[in-house]
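# Structure at a glance
So you can see what is in the structure, the chains are spelled out below.
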Amino acid sequence: MCEFARRTVRRAVLLDVGQLQLSSIMSVCVQYNNTTLPVNIPGMHSSKPLVRILHLSDLHFGPPFMPEVGAAALSIAARLDIDAIVVSGDFTQRATREQFQDARKFLDHLPDVPRLYVPGNHDVPLYRVAERFLSPHRLYREFIASELNPVLDLDDVVIVGIDLSLIHISEPTRLGM
């Protein structure tokens, strides 16, 4: 039998591992669209401590962003016992100054643990063509992080972020592709 904690946010259900005592659980499940799915957490039954990483992705600050979903994510994040946070793009919908400012405010409310941020394709201007080619990550670097390919070295794990936001206009051989 699966044990699970859930939070309903529109159609999605977020697993709230912060309320579970993983050492006493045989399996964990998440419920989505009236279906219960098992979640395999590698090392769950190991004596070695887990490295707990909160991963957020596709925040899309701008017209598609739903503040109630953001508030729910911040509320859940505040209750989790995590070692690090990874946020992978897209931070914005259209890479505008206002959207990056809103994303920065959101990030500032996450728990104070080591973090790694990686831009996404929406974090590069789409319709501001000159900026797209001359300084595509200017606003990302100003508001989110200066490093595009960050490395986060924790005690038991090294997390490497690789920026692929401009891969279609970059040299494919740059990444060995």
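Residues numbered from 1 in each chain as written. Predicted model: local features only at pLDDT ≥ 70, side-chain atom pairs only at ≥ 80, totals over all residues. Heavy atoms only, no water.

### Quick word on the overall build of the chain
Within the chain, the regular secondary structure consists of four helices and nine strands. For the chain, the α and β elements follow one another from N to C terminus as β-β-β-β-β-α-β-α-β-α-α-β-β. Taking all 177 residues of the chain together, the buried fraction comes to 41%. Relative to all contacts within the chain whose residues are 6 or more apart in sequence, the contacts with residues 24 or more apart total 64%. (Helix = DSSP H or I, 4+ residues; strand = E, 2+ residues; numbered from the N terminus. Buried < 20%, exposed > 50% of the residue type's maximum accessible area, 1.4 Å probe, protein only. Contact = heavy atoms within 4.5 Å.)

### Things to note about the confidence of the model for the chain
Close inspection of predicted coordinates is inappropriate for parts of the model with low pLDDT. Of all residues in the chain, 66% have pLDDT values of 70 or greater, and the mean over the chain is 79. Below pLDDT 50 for its whole length, residues 1-27 participates in 58 contacts with residues either more than four positions away or in separate chains. A low-confidence stretch, residues 170-177 stays under pLDDT 50, and its non-local contacts, those more than four residues away or across chains, total seven contacts. (pLDDT = per-residue confidence, 0-100.)

### Notes on the pairing of strand S5 (residues 53-57)
Of the two faces of S5, the one holding Leu54 and Leu56 is buried and the one holding Ile53, His55 and Ser57 is not buried anywhere. Bridge count between S5 and strand S6 (residues 84-88): five bridges; the pairing is parallel. The partner of leucine 56 across the bridge, within S6, is valine 87. Between the parallel pair S5 and S6, the chain is carried across by helix H1 (residues 67-79), and the sense of this crossover is right-handed. (Pairing = 2+ DSSP bridges. Right-handed = clockwise from strand over helix to strand, strands pointing away.)

### Focus on the pattern of salt bridges
Summed over all chains, the structure comprises six salt bridges. Notably, a salt bridge pairs glutamate 131 with arginine 138, separated by 3.4 Å at the nearest N-O pair. With a relative accessible area of 15%, glutamate 131 lands in the buried category. Among the charged side chains, a salt-bridge network with shared partners connects Arg52, Asp81 and Asp83. (Salt bridge = Lys/Arg side-chain N within 4 Å of Asp/Glu carboxyl O.)

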